[in-house]
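Here's the letter readout for the chains.
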Amino acid sequence: MNTPTKPPTAPLRLYTFAAPSRFYALTGALLPWLWAITLLLTAAGLYMGFFVAPTDATQGDAYRIIFIHVPAAWMTMLLYMVLAFWACIGWAFNARLASMLARAIAPTGAMFAFLALWTGAFWGRPTWGAWWVWDARLTSTLILFFLYLGYIALVNAIDDVRRADQAGALLALVGSINVPIIYFSVKWWNTLHQGATISFKQAPTMAATMLIAMLIMTFAFWAYAFAVVFMRVRAVVLEREAHTAWVDELTKGTRTP
Amino acid sequence: MKWNNASEFFAMGGYGLYVWGSYAVALLLMVVEPVLARRRHRQALHDAAEGSAHGSKT
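Residues numbered from 1 in each chain as written. Chains lettered and ligands numbered in written order. Predicted model: local features only at pLDDT ≥ 70, side-chain atom pairs only at ≥ 80, totals over all residues.

(A) Representation of the overall build of chain A. Helix and strand counts for chain A stand at eight helices and zero strands. Looking at the 257 residues of chain A, the share that counts as buried comes to 40%. The contacts of chain A with a sequence gap of at least 6 include a subset with a gap of at least 24, amounting to 76%. (Helix = DSSP H or I, 4+ residues; strand = E, 2+ residues; numbered from the N terminus. Buried ≥ 20, exposed ≤ 12 C-beta atoms within 10 Å, placed from the backbone. Contact = placed C-beta atoms within 7 Å.)

This is the structure:
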(Lines give C-alpha, C1' and ligand atoms only; values in the text may rest on other atoms or scores of the structure.)
Protein backbone atom coordinates (compact mmCIF):
# COMPACT_ATOMS: atom_id res chain seq x y z
CA MET A 1 0.00 0.00 0.00
CA ASN A 2 2.72 2.43 0.91
CA THR A 3 4.92 1.73 -2.04
CA PRO A 4 4.82 4.82 -4.23
CA THR A 5 3.70 3.90 -7.68
CA LYS A 6 4.86 6.01 -10.57
CA PRO A 7 2.09 7.42 -12.68
CA PRO A 8 2.07 5.67 -16.05
CA THR A 9 3.56 8.51 -18.11
CA ALA A 10 5.04 7.78 -21.47
CA PRO A 11 8.74 8.68 -21.72
CA LEU A 12 9.19 12.11 -23.27
CA ARG A 13 11.09 11.90 -26.51
CA LEU A 14 11.62 14.36 -29.30
CA TYR A 15 9.16 12.40 -31.41
CA THR A 16 6.50 13.14 -28.82
CA PHE A 17 6.02 16.56 -30.39
CA ALA A 18 5.78 15.13 -33.89
CA ALA A 19 2.17 14.30 -32.98
CA PRO A 20 0.15 17.32 -34.15
CA SER A 21 -1.94 17.30 -30.95
CA ARG A 22 1.15 17.56 -28.72
CA PHE A 23 2.77 20.13 -30.96
CA TYR A 24 -0.42 22.20 -30.90
CA ALA A 25 -0.39 22.25 -27.11
CA LEU A 26 3.34 22.96 -26.86
CA THR A 27 3.27 25.90 -29.28
CA GLY A 28 0.18 27.28 -27.58
CA ALA A 29 2.10 27.41 -24.30
CA LEU A 30 5.17 28.96 -25.92
CA LEU A 31 3.38 31.76 -27.81
CA PRO A 32 2.97 34.35 -25.01
CA TRP A 33 6.65 33.98 -24.12
CA LEU A 34 7.76 34.34 -27.73
CA TRP A 35 5.72 37.53 -28.17
CA ALA A 36 7.08 38.94 -24.91
CA ILE A 37 10.66 38.21 -26.06
CA THR A 38 9.93 39.77 -29.46
CA LEU A 39 8.64 43.00 -27.91
CA LEU A 40 11.47 43.26 -25.38
CA LEU A 41 14.19 42.66 -27.94
CA THR A 42 12.62 45.05 -30.44
CA ALA A 43 12.42 47.80 -27.83
CA ALA A 44 16.04 47.22 -26.79
CA GLY A 45 17.28 46.99 -30.40
CA LEU A 46 15.49 50.16 -31.52
CA TYR A 47 16.72 52.05 -28.46
CA MET A 48 20.31 50.99 -29.24
CA GLY A 49 19.85 51.73 -32.93
CA PHE A 50 18.33 55.18 -32.62
CA PHE A 51 19.67 56.58 -29.36
CA VAL A 52 23.02 54.89 -28.69
CA ALA A 53 24.54 54.06 -32.08
CA PRO A 54 26.33 57.08 -33.58
CA THR A 55 25.64 58.70 -36.96
CA ASP A 56 27.63 57.04 -39.74
CA ALA A 57 30.55 59.12 -41.03
CA THR A 58 29.78 58.57 -44.73
CA GLN A 59 26.08 57.68 -44.89
CA GLY A 60 24.70 59.97 -42.22
CA ASP A 61 21.53 58.72 -40.54
CA ALA A 62 20.32 56.87 -43.64
CA TYR A 63 22.37 53.89 -42.47
CA ARG A 64 19.91 53.34 -39.59
CA ILE A 65 17.83 51.31 -42.05
CA ILE A 66 20.44 48.59 -41.50
CA PHE A 67 18.79 47.62 -38.19
CA ILE A 68 15.83 46.14 -40.06
CA HIS A 69 17.33 45.58 -43.52
CA VAL A 70 20.06 43.11 -42.58
CA PRO A 71 17.98 41.10 -40.07
CA ALA A 72 15.15 40.84 -42.64
CA ALA A 73 17.56 39.67 -45.34
CA TRP A 74 19.15 37.12 -43.00
CA MET A 75 15.75 35.84 -41.86
CA THR A 76 14.39 35.37 -45.37
CA MET A 77 17.43 33.28 -46.37
CA LEU A 78 17.35 31.26 -43.14
CA LEU A 79 13.60 30.67 -43.34
CA TYR A 80 13.91 29.38 -46.90
CA MET A 81 16.46 26.79 -45.79
CA VAL A 82 14.27 25.82 -42.83
CA LEU A 83 11.23 25.58 -45.13
CA ALA A 84 13.13 23.36 -47.59
CA PHE A 85 14.41 21.19 -44.71
CA TRP A 86 10.99 20.53 -43.18
CA ALA A 87 9.34 20.14 -46.58
CA CYS A 88 11.90 17.43 -47.47
CA ILE A 89 11.54 15.72 -44.07
CA GLY A 90 7.80 15.70 -44.60
CA TRP A 91 8.28 14.20 -48.04
CA ALA A 92 10.98 11.64 -47.23
CA PHE A 93 9.53 10.33 -43.95
CA ASN A 94 5.87 11.00 -44.70
CA ALA A 95 5.73 13.24 -41.65
CA ARG A 96 2.58 15.36 -41.79
CA LEU A 97 3.62 17.88 -39.18
CA ALA A 98 6.88 18.68 -40.99
CA SER A 99 4.94 19.50 -44.15
CA MET A 100 2.53 21.68 -42.20
CA LEU A 101 5.48 23.54 -40.70
CA ALA A 102 6.92 24.15 -44.18
CA ARG A 103 3.63 25.64 -45.31
CA ALA A 104 3.38 27.82 -42.22
CA ILE A 105 6.88 29.24 -42.80
CA ALA A 106 6.33 30.33 -46.41
CA PRO A 107 4.25 33.53 -45.86
CA THR A 108 6.65 34.77 -43.17
CA GLY A 109 9.65 34.13 -45.43
CA ALA A 110 7.94 35.98 -48.27
CA MET A 111 7.18 38.88 -45.92
CA PHE A 112 10.84 39.13 -44.89
CA ALA A 113 11.99 38.93 -48.53
CA PHE A 114 9.66 41.79 -49.40
CA LEU A 115 10.85 43.75 -46.37
CA ALA A 116 14.51 43.24 -47.32
CA LEU A 117 13.79 44.48 -50.86
CA TRP A 118 11.68 47.41 -49.69
CA THR A 119 14.14 48.65 -47.07
CA GLY A 120 16.94 48.05 -49.57
CA ALA A 121 15.20 50.34 -52.06
CA PHE A 122 14.73 53.02 -49.40
CA TRP A 123 18.40 52.72 -48.52
CA GLY A 124 19.63 52.54 -52.10
CA ARG A 125 17.85 55.73 -53.18
CA PRO A 126 19.80 58.11 -50.88
CA THR A 127 23.13 56.23 -51.04
CA TRP A 128 23.28 54.92 -54.64
CA GLY A 129 20.80 57.33 -56.22
CA ALA A 130 18.54 54.50 -57.41
CA TRP A 131 15.59 52.65 -55.89
CA TRP A 132 16.51 49.54 -57.80
CA VAL A 133 19.42 48.22 -59.88
CA TRP A 134 19.68 44.83 -61.60
CA ASP A 135 22.53 43.86 -59.35
CA ALA A 136 23.37 40.21 -58.52
CA ARG A 137 22.33 40.43 -54.87
CA LEU A 138 19.16 42.39 -55.49
CA THR A 139 18.10 40.18 -58.37
CA SER A 140 18.76 36.93 -56.49
CA THR A 141 16.78 38.25 -53.51
CA LEU A 142 13.91 39.13 -55.85
CA ILE A 143 14.07 35.54 -57.17
CA LEU A 144 13.86 34.29 -53.57
CA PHE A 145 10.70 36.37 -53.07
CA PHE A 146 9.19 34.78 -56.19
CA LEU A 147 10.25 31.30 -55.03
CA TYR A 148 8.26 31.84 -51.83
CA LEU A 149 5.24 33.04 -53.82
CA GLY A 150 5.64 30.11 -56.22
CA TYR A 151 5.73 27.63 -53.34
CA ILE A 152 2.58 29.12 -51.78
CA ALA A 153 0.76 29.13 -55.14
CA LEU A 154 1.83 25.57 -55.95
CA VAL A 155 0.79 23.95 -52.66
CA ASN A 156 -2.55 25.76 -52.81
CA ALA A 157 -3.20 24.80 -56.42
CA ILE A 158 -3.13 21.03 -55.84
CA ASP A 159 -6.22 19.64 -54.12
CA ASP A 160 -4.68 16.44 -52.78
CA VAL A 161 -2.97 17.79 -49.65
CA ARG A 162 -0.13 15.27 -49.44
CA ARG A 163 0.60 15.47 -53.18
CA ALA A 164 0.68 19.25 -52.82
CA ASP A 165 3.18 18.86 -49.97
CA GLN A 166 5.40 16.66 -52.15
CA ALA A 167 5.32 19.03 -55.12
CA GLY A 168 6.09 21.91 -52.78
CA ALA A 169 9.03 20.01 -51.28
CA LEU A 170 10.51 19.47 -54.75
CA LEU A 171 10.16 23.17 -55.58
CA ALA A 172 11.67 24.15 -52.22
CA LEU A 173 14.59 21.75 -52.71
CA VAL A 174 15.41 22.98 -56.20
CA GLY A 175 14.95 26.61 -55.16
CA SER A 176 17.30 26.27 -52.19
CA ILE A 177 20.26 26.54 -54.61
CA ASN A 178 19.37 30.23 -54.76
CA VAL A 179 20.23 30.85 -51.09
CA PRO A 180 24.02 30.33 -51.38
CA ILE A 181 23.89 32.35 -54.60
CA ILE A 182 22.41 35.28 -52.66
CA TYR A 183 24.91 34.86 -49.88
CA PHE A 184 28.01 34.76 -52.08
CA SER A 185 26.69 37.10 -54.79
CA VAL A 186 28.66 40.04 -53.43
CA LYS A 187 31.86 38.00 -53.72
CA TRP A 188 31.27 36.27 -57.04
CA TRP A 189 30.11 39.29 -59.01
CA ASN A 190 31.07 42.92 -59.12
CA THR A 191 28.07 44.38 -57.43
CA LEU A 192 26.94 47.75 -56.22
CA HIS A 193 25.78 46.13 -53.01
CA GLN A 194 28.37 46.29 -50.26
CA GLY A 195 30.06 43.14 -49.01
CA ALA A 196 29.22 41.26 -45.85
CA THR A 197 29.04 43.60 -42.88
CA ILE A 198 30.31 40.97 -40.52
CA SER A 199 32.25 37.83 -41.36
CA PHE A 200 34.03 35.16 -39.42
CA LYS A 201 37.40 35.95 -40.95
CA GLN A 202 37.87 39.54 -39.88
CA ALA A 203 36.80 42.03 -37.27
CA PRO A 204 33.51 43.81 -38.02
CA THR A 205 33.91 47.03 -39.96
CA MET A 206 31.30 48.87 -37.95
CA ALA A 207 31.06 50.52 -34.55
CA ALA A 208 30.36 48.13 -31.68
CA THR A 209 27.08 49.82 -30.73
CA MET A 210 25.82 49.61 -34.34
CA LEU A 211 26.70 45.93 -34.45
CA ILE A 212 25.03 45.20 -31.11
CA ALA A 213 21.85 47.01 -32.20
CA MET A 214 21.79 45.00 -35.42
CA LEU A 215 22.28 41.70 -33.60
CA ILE A 216 19.55 42.48 -31.06
CA MET A 217 17.18 43.28 -33.93
CA THR A 218 18.17 39.98 -35.58
CA PHE A 219 17.17 38.06 -32.44
CA ALA A 220 13.97 40.10 -32.25
CA PHE A 221 13.08 39.10 -35.83
CA TRP A 222 14.01 35.53 -34.98
CA ALA A 223 11.59 35.48 -32.05
CA TYR A 224 8.94 37.15 -34.23
CA ALA A 225 9.38 34.47 -36.90
CA PHE A 226 8.99 31.68 -34.34
CA ALA A 227 5.89 33.32 -32.86
CA VAL A 228 4.07 34.05 -36.11
CA VAL A 229 4.99 30.70 -37.71
CA PHE A 230 3.71 28.87 -34.62
CA MET A 231 0.47 30.87 -34.77
CA ARG A 232 0.02 29.89 -38.39
CA VAL A 233 1.02 26.26 -37.96
CA ARG A 234 -1.61 25.92 -35.22
CA ALA A 235 -4.21 27.09 -37.73
CA VAL A 236 -2.89 24.66 -40.36
CA VAL A 237 -2.96 21.78 -37.85
CA LEU A 238 -6.62 22.48 -37.02
CA GLU A 239 -7.56 22.82 -40.69
CA ARG A 240 -6.00 19.48 -41.52
CA GLU A 241 -6.80 17.57 -38.35
CA ALA A 242 -10.47 18.54 -38.23
CA HIS A 243 -12.61 15.37 -37.82
CA THR A 244 -9.96 13.78 -35.61
CA ALA A 245 -10.87 12.88 -32.05
CA TRP A 246 -8.49 15.33 -30.38
CA VAL A 247 -9.71 18.35 -32.39
CA ASP A 248 -13.26 17.26 -31.63
CA GLU A 249 -12.45 17.24 -27.91
CA LEU A 250 -10.73 20.61 -28.27
CA THR A 251 -13.70 22.33 -29.87
CA LYS A 252 -16.13 20.79 -27.37
CA GLY A 253 -14.01 22.09 -24.51
CA THR A 254 -13.34 18.67 -23.06
CA ARG A 255 -9.65 19.01 -23.87
CA THR A 256 -7.59 21.84 -22.46
CA PRO A 257 -4.36 22.69 -24.19
CA MET B 1 22.16 60.93 -27.03
CA LYS B 2 22.76 62.84 -30.24
CA TRP B 3 19.25 64.26 -30.78
CA ASN B 4 18.58 67.69 -29.30
CA ASN B 5 14.83 67.66 -29.89
CA ALA B 6 12.04 65.62 -31.45
CA SER B 7 12.06 67.37 -34.82
CA GLU B 8 15.75 66.64 -35.23
CA PHE B 9 14.99 63.01 -34.45
CA PHE B 10 12.22 62.80 -37.03
CA ALA B 11 14.33 64.59 -39.66
CA MET B 12 17.03 61.88 -39.37
CA GLY B 13 19.69 64.23 -40.71
CA GLY B 14 17.65 64.82 -43.88
CA TYR B 15 16.98 61.13 -44.48
CA GLY B 16 13.66 61.06 -42.64
CA LEU B 17 11.65 59.90 -45.66
CA TYR B 18 13.93 56.91 -46.25
CA VAL B 19 14.41 55.85 -42.65
CA TRP B 20 10.75 56.22 -41.63
CA GLY B 21 9.55 54.87 -44.98
CA SER B 22 11.44 51.69 -44.17
CA TYR B 23 10.39 51.41 -40.54
CA ALA B 24 6.73 52.23 -41.23
CA VAL B 25 6.41 49.39 -43.75
CA ALA B 26 8.23 47.00 -41.40
CA LEU B 27 5.83 47.89 -38.59
CA LEU B 28 2.79 47.58 -40.85
CA LEU B 29 3.78 44.14 -42.17
CA MET B 30 4.78 42.80 -38.76
CA VAL B 31 1.48 43.89 -37.21
CA VAL B 32 -0.75 42.73 -40.07
CA GLU B 33 0.86 39.28 -40.39
CA PRO B 34 0.15 38.10 -36.81
CA VAL B 35 -3.38 39.56 -37.05
CA LEU B 36 -4.02 37.49 -40.20
CA ALA B 37 -2.51 34.39 -38.58
CA ARG B 38 -4.73 34.87 -35.52
CA ARG B 39 -7.80 35.28 -37.73
CA ARG B 40 -6.93 32.09 -39.62
CA HIS B 41 -6.57 30.21 -36.33
CA ARG B 42 -9.94 31.45 -35.07
CA GLN B 43 -11.56 30.50 -38.39
CA ALA B 44 -10.00 27.02 -38.21
CA LEU B 45 -11.31 26.52 -34.66
CA HIS B 46 -14.76 27.71 -35.75
CA ASP B 47 -14.80 25.41 -38.80
CA ALA B 48 -13.62 22.44 -36.76
CA ALA B 49 -16.41 23.04 -34.22
CA GLU B 50 -19.01 23.29 -37.02
CA GLY B 51 -17.68 20.14 -38.65
CA SER B 52 -17.82 18.12 -35.44
CA ALA B 53 -21.35 19.40 -34.70
CA HIS B 54 -22.53 18.25 -38.12
CA GLY B 55 -20.65 15.00 -37.73
CA SER B 56 -22.33 14.14 -34.44
CA LYS B 57 -25.81 14.61 -35.96
CA THR B 58 -25.39 11.87 -38.50
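(B) Quick peek at the overall build of chain B. Broken down by element type, chain B carries two helices and zero strands. Expressed as a percentage of its 58 residues, the buried residues of chain B come to 19%.

(C) View of the confidence of the model for chain B. Looking at chain B as a whole, its pLDDT mean stands at 88, while 86% of the residues score no less than 70. Reported confidence for the predicted complex is 0.89 by ipTM and 0.89 by pTM. (pLDDT = per-residue confidence, 0-100.)

(D) Up close: helix 8 (residues 245-252) of chain A. Residue and element names in this part refer to chain A. Those residues of helix 8 not exposed but buried are V247, D248, L250 and T251. Axial view of helix 8: buried residues confined to an arc of 160 degrees, hence all on one face. Exposed side of helix 8, more than 90 degrees from the buried face: A245 and K252 are the residues found there. (Arc of directions from axis to C-beta.)

(E) Summary view of the nonpolar core. By size, the foremost hydrophobic cluster in this structure holds 80 residues, and its most contacted members are A:I65, A:L83 and A:L101. Those elements that provide at least two residues to this core are helix 1 (20-52), helix 2 (66-92), helix 3 (96-128), helix 4 (136-157), helix 5 (161-175), helix 7 (208-241) and helix 8 of chain A together with helix 2 (16-57) of chain B. In terms of residue count, helix 7 of chain A provides more of this core than any other element does, 20 residues in total. Not counting chain neighbours up to four residues away, the residues in contact with A:L83 comprise A:A102, A:I105, A:A106, A:G109 and A:A172. (Core = buried A, V, L, I, M, F, W, Y, C linked by C-beta atoms within 7 Å.)

(F) Representation of the packing of helix 2 of chain A against helix 3 of chain A. All names here are of chain A. One way to put it is that helix 2 packs onto helix 3 with a least axis distance of 7 Å and a crossing angle of 160 degrees. Between helix 2 and helix 3, the angle is such that the two are roughly antiparallel. Pair helix 2 / helix 3 crosses with left-handed handedness. (Axes fitted to C-alpha atoms, helices over the stretch in contact; angles between N-to-C directions. Parallel < 35°, antiparallel > 145°, perpendicular 65-115°, else oblique. Left-handed = near helix turned anticlockwise from the far one by under 90°.)

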